[in-house]
Structures are given as C-alpha cells and as structure tokens.
Amino acid sequence: MSLSTTPTADQGLVNLRFAQTLVDALAAAGVSDAVISPGSRSTPLALAFLRQPAIRSTIAVDERCAAFFALGRAKASGRPVALLCTSGSAPANWYPAVIEAAQGGTPLLLLSADRPAELHGWGANQTIDQLRLFGSHVRASHALEAPQAGFASGWLQRLAARVVAESLAPQPGPVHLNLPFREPLLPAADPREWPQATELPLPSPAAAFSEAFSADTYAPGWTCLPDPAAIAATAATLSGRRGVIVCGGGAFPPAFAEALLALAAALDCPLFAEPLSGLRFAALERSQLCVRQESFLRDSSFVARARPDWVMRCGDFPVTRQLQQWLSGCATAEQIVIAPPGRWNDPQHVATRVLHGDALHIIAALTQAVNAPAAAAWRQSFVRAEAAAEALAAKLAAPDSAAALTDEADRLPGSDADFWEGVLIPALLARLPAGFRVFCGASMAIRDLDSFSGGGSKPLAFFANRGASGIDGNLSTAAGIAAAGPTLALVGDLTCTHDIGGLALARGRPLLVVVINNGGGGIFEYLPAAALPEFARGWLTPADADFAHMAATWGIGYQRAATRSAFAAALELGLAAIERGDPCLIEAVIDREHSVARHRAWWEQHQ
Ligand SMILES: Cc1ncc(C[n+]2csc(CCOP(=O)(O)OP(=O)(O)O)c2C)c(N)n1
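Residues numbered from 1 in each chain as written. Predicted model: local features only at pLDDT ≥ 70, side-chain atom pairs only at ≥ 80, totals over all residues. Heavy atoms only, no water.

Below, the discussion takes up the overall build of the chain. In terms of helices and strands, the chain carries 23 helices and 18 strands. Computed over its C-alpha atoms, the radius of gyration of the chain comes to 26 Å, within 12% of the 25 Å expected for a compact globule of 607 residues. Expressed as a percentage of its 607 residues, the buried residues of the chain come to 54%. Across the chain, the fraction of contacts at a sequence separation of at least 24, relative to all contacts at a separation of at least 6, is 78%. Total accessible area computed for the chain in this model is approximately 24000 Å², and 55% of it derives from carbon and sulfur atoms. Computed over 45 positive and 54 negative side-chain charges, the inter-centroid distance for the chain is 3 Å. (Helix = DSSP H or I, 4+ residues; strand = E, 2+ residues; numbered from the N terminus. Rg over C-alpha atoms; globule rule 2.2 N^0.38 Å. Buried < 20%, exposed > 50% of the residue type's maximum accessible area, 1.4 Å probe, protein only. Contact = heavy atoms within 4.5 Å. Areas by Shrake-Rupley, 256 points an atom, 1.4 Å probe, with all protein chains shown as cover. Lys, Arg positive; Asp, Glu negative; His and termini not counted. Charge placed at Lys NZ, Arg CZ, Asp CG, Glu CD.)

In structure tokens:
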C-alpha cells in the first residue's frame, strides 16, 4: 500500500468501514468486552465498538483505571478484553496494568489510536512515538497503517483472529495494535446512511481462524505435555516416598483441584493450598489439604522432623516468606516444578526438574503413573500440625467473656476492641455468601489472608494482582471482577488511596470494599526500615485520608468500624447494599501498634 496524504473522496467512510471490519472480526473471534476511554483519534473504533451488539462496552475516562478494570474483567472471564484509547499519553496510562497482565498471564487487546505517519516528528499535537510502546511486556505488537480505500478486509479479519489467539496462547497476555487514522475521522454522509455493524454469526474467515480455541473454556484446543519419559521418571521419584505438593495461585482449568487432590491421595501426601490456589474454599475432599502451613512451618522442631524427600509445586511461587524459606530449606529434597510452557517459576533456583505443559494433563498423567503411597505416618504428622494450628486460630475468633467486659482501651485478646487482621479476616470470610469473588490487595492483606483465611467447603473465588504485586489499580481491578458478580476487595489504606479513581468504576456494581486502615503502609513495620528515624515520613506515609468523603465523591455507601461488633454490623449493611447491586466501602480502623503486637504474639505461639 502506498502512503498517500491526500484524503480519498470520503476518508471518514473508509475509517469507519475499517474500524467496523476490525471490531466485527474481534467479536467473531469471541471478544465480548471492551473498555473505552474517550478521545478524538479513536472515534471510528469507539463507534464500531459501541455499535457492535455482541460486545459490551464500558466507558472509563482514566486510562489507568480503564486498563486495570479490563484486567479484572479478563481475570474473571478468562477471555481477552479489548482496550481502546486515543493518541498521546493516553495509552501510556495503561502501562502498569499491561505489566501486571504480562506477568500474571491475563489476555488483553490494546488498541491505541494514533496520528498517521506524516504527522509524526513534525510538532503535531498529541503525537508521540507509540510504536512498541510496551516493549517486552506484550506477547505481540502490530503497527498498522492508516486505512485507505480498498483496504484488504480479509487480512484485517485474520489479524483480528490472530491477535485474539496471540493473547491466549502459548502464554496468555497483552497484545498491542497501534492504529493510525487520517482526518476526517467520520463519514461526510448523513449519519443515517453510515454502514451498520455486522451481527453475529459473522460470515468471516476469522471465525474459522479462531476455531483452535474451545468456545467453552476459551483455552487453546491443544494439549501440551512433556516427554512421557519425564512423566515416568517423575512418577518414580514421587512413588512411595515422603513428599509435599504445593499449589500456588493460577488460572487453573475446571476439575484441576479434583485432579490434584487425586494425585495427593494416590501418593498419600499433604497438599499445601496457597490462598490464591482456589483450593481453600471449595467443595472438595479435605483429608490431604493443608491451609495452615504458614503457621505450622514456624515450628522448627516440626520442620526438622518432617523433612520431605520431594516437593512438587504448581501455580505461582508462594506468597509468604514462611513457605518460601521452607522451600529453600528443603535442600536435599527433589523439587519438581510444573509450569506453563515458557515459564520458569523457580526464583530460588532449587528445581531439580521442570515439567512444562498443561498442569491438568501433567497431573492426570502422573496420577496414572505413580504406583505407591508414602507410609501413612507421613501425612498424619501434617494432619496433627494442621489441627493444632487450626485450634489456635479458633481461639482468635472466639470472644473471651471476661475480656469482653473490659473497656475498649485495654484491647485485651478476645475483647470487642481486640480488632485486628487475625480477627477481621476470618469474620469476613465466614459471613460472605457462597459464590462471592474475593480480590485481595498487595502488602499485608494477601499475607494476612494466607495466615488467617482458614478454609471450608463454601465456594469462594480468589483473585489478586500478584504478577507485579503493585498497590496500584487494585480497586479498578476489583471493579472489573465485580462486573461478573458480587465481589469483595480487601485492601490497605494506601492501596485504596492509590486508586481513588477506581472507586468511580465501582458505581452500579456489587463491589464491597473493605479498607484495612492501619495508618499507612503497615507492612513496613516488619521490615528493617521500621527502626529508622525517617520511618514515618519515608515508609509508613499515613494517608490521613477521609474515606467517608472519598466514598461520597462517587456516591458510594460508607461504613466505619473500629471494634469486632461494629465490623459485624457494618458488614451486614455492606452485604445488604451488595444484594441490591450497589457498592459499599467499609473502613476497618485498626490500631497499628496493637496489630503489630498481636501479629508478633501469634507468630511466637507457633514457634
Ligand atoms: C505501585 C506500587 N508502588 C509501591 C509499592 C511498594 N509498596 C508495597 S506495600 C506498600 C504499602 C501498602 O500500604 P497499605 O495499602 O496501607 O497496606 P499495608 O501495608 O498496611 O498492609 C508499598 C508502598 C508497590 N508494591 N506498588
């Protein structure tokens, strides 16, 4: 195609036809959600999205929030979500969410509108170099030319199907399309004469192009398995020996949990379920499951007695230091890592074998191949450790009738004023209705979830931005998840203030935000910086924000709680709002010094 700077008879009509061909083909390839930030240069594409009935479009002014919202929506659905914005700094605001999507393996389609080539480098307004803007953080990057009359629609349709495929396999992640448009952006003709969107099913070659993906799971229709010899060798390593399976977070396929438990049963080994594994709150057989390892692995004499011959990991690397340190201490054990193709989840460099492929199929193949369980006493030692930690956890939640009578200032363990994360998290999870989605923020929220969530048969789905573990965009991500149904966002006070704009996206969605307001970055209390005279100014950085006003800015309901009973009452009101489809923000006020003291006492109990 030659580059012409002379507009065709109706450049606007060409732009709209081009945009409609692309968007219709994205719909044909299975894209059902788009998040659009307003702008001029993106107008043909925005119109094409807004008029495509198979695509649900959400409008979000702040591109950073828009991208995190799309991330949340893609996490909840497992399907690629399209983002659209104008030229200039707009797509740069997507960057943190793009990084999280790349690290966390979430499919996104990044459609940035641009000025045509002849305006680049000549001082034109809102024109920056957008090519390869996202560097190595995208799975693929496509630089298109501005639409011209007679553009090749077959190519454009195949490109749409291709970018959807690229966002899903071999590793899900973001894909960038840079799309320049020449003015005039819209047709000159009467709007009533403009071309219409094509309704599905589309008679497009793109439909056949995307048949590689199963319509139900939206996962690649192929299976990737390691060499059968590697499966056989691994099965020999596992059979009849003392082992532990560790399951981290991940977007696992249906039936994965059952398959993993079947392998643990065949080997009669404990299965450590991480908070984001999807195994803690689910209707599953629980005799192999451990959810209290963060506690019982603090007992050095237990750790010395219960040395495994092998450890097998799947999903993301563990959340908390305790389990990480235990893994690095298993120096003599064989360490087997199951990872998606192209991923090397071994930051401690202790793996003795990495099995690349589809986790579900690898687990099923191993279950077939193993031939002997460990001696029964092996798992029993973990069952006892788990039960002991569970009993201590039960005491945290139980009110102490003597202490409950004392006044609030005492904050005695068991009293109403003894309100900290170890009490808040179990109370919250116990009250959530089945089927709730839980988005957990970075910092102490995810670590406390690991320590205090426990587990049960009530199904809850857990999410977090653990790819890059940012405290940015958390509320927007949770709002994106809430588009799929009732969702809890559990975040710290700095994490909340970092994404105030995200609260705007909570409007009209069943999102319950519980802000753990411990007066700043509580996590830093446990790090060496806490001893520095500059600690409060340089690390703790209390937000001193008025959360009631913050919620009011967006017309969102607000509750405040500083005791156990006030939190229980606030939770009832919050859940009633969710049932009506409205968001609610609960500010849980935690005395930081008390919380630090209670965390320390809790950890010491287990040593
Ligand atoms: C975008 C980003 N900036 C900075 C950090 C570093 N960081 C990690 S935790 C944290 C403090 C979070 O405070 P808060 O949300 O109140 O949670 P708490 O520590 O009290 O649990 C910061 C600044 C980060 N992870 N991501």
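Picking up where we left off.
Taken in spatial order, the 6 strands line up as β14-β13-β15-β16-β18-β17 in an open sheet, and their pairing is parallel. Every interior strand has two partners, whereas the edge strands, β14 (461–463) and β17 (557–561), have only one. Strand-to-strand twist of the sheet, defined as the mean angle between neighbouring strand axes without regard to direction, takes the value 20 degrees. Of the strand pairs in this sheet, strand β13 (residues 437–440) and strand β15 (residues 487–492) are connected by 4 bridges, and their pairing is parallel. Note that in β15 the partner of phenylalanine 439 across the bridge is alanine 489. (Pairing = 2+ DSSP bridges. Axes fitted to C-alpha atoms, helices over the stretch in contact; angles between N-to-C directions.)

Contact pair helix α7 (residues 228–238) / helix α12 (residues 359–369): the axes reach a minimum separation of 9 Å and the direction vectors enclose 60 degrees. Taken together, α7 and α12 sit at an angle that is classed as oblique. In the packing of α7 onto α12, the handedness of the crossing is right-handed. Facing Ile231, Thr234, Ala235 and Leu238 of α7, the residues of α12 in contact are Ile362, Ala365, Leu366 and Ala369. Across the contact of α7 with α12, the residue classes break down as 7 nonpolar, 1 polar and no charged. (Parallel < 35°, antiparallel > 145°, perpendicular 65-115°, else oblique. Left-handed = near helix turned anticlockwise from the far one by under 90°. Nonpolar A, V, L, I, M, F, W, Y, C, P; charged D, E, K, R; others polar.)

On to helix α16 (residues 444–452), then. With respect to burial, α16 is a largely interior element, 8 of its 9 residues being buried. Regarding α16, the residues found buried are Met444, Ala445, Ile446, Asp448, Leu449, Asp450, Ser451 and Phe452. Phi turns positive one or two residues past the end of α16, at glycine 454, with a value near 65 degrees.

Taken together, 16 residues are adjacent to the ligand, and Ser443, Asp493, Thr495, Asn518 and Gly522 come closest. Between the ligand and threonine 495, the relevant distance is 2.5 Å, taken from an oxygen atom to a side-chain nitrogen or oxygen of the residue. Among the elements that line the shell around the ligand, the one with the most residues is helix α18 (residues 493–498), at 3 residues. A per-class count over the shell around the ligand returns 5 nonpolar, 9 polar and 2 charged. (Near = heavy atom within 4 Å. Polar contact = N/O pair within 3.5 Å; in protein donor to acceptor, adjacent residues only side chain to side chain.)

Along the chain, aspartate 24 falls in helix α1 (residues 11–28). Although aspartate 24 is buried, it forms no salt bridge, and the closest oppositely charged side chain is arginine 17 at an N-O distance of 9.9 Å. Polar side-chain contacts of aspartate 24 include one of 2.8 Å to the side chain of glutamine 52. (Salt bridge = Lys/Arg side-chain N within 4 Å of Asp/Glu carboxyl O.)

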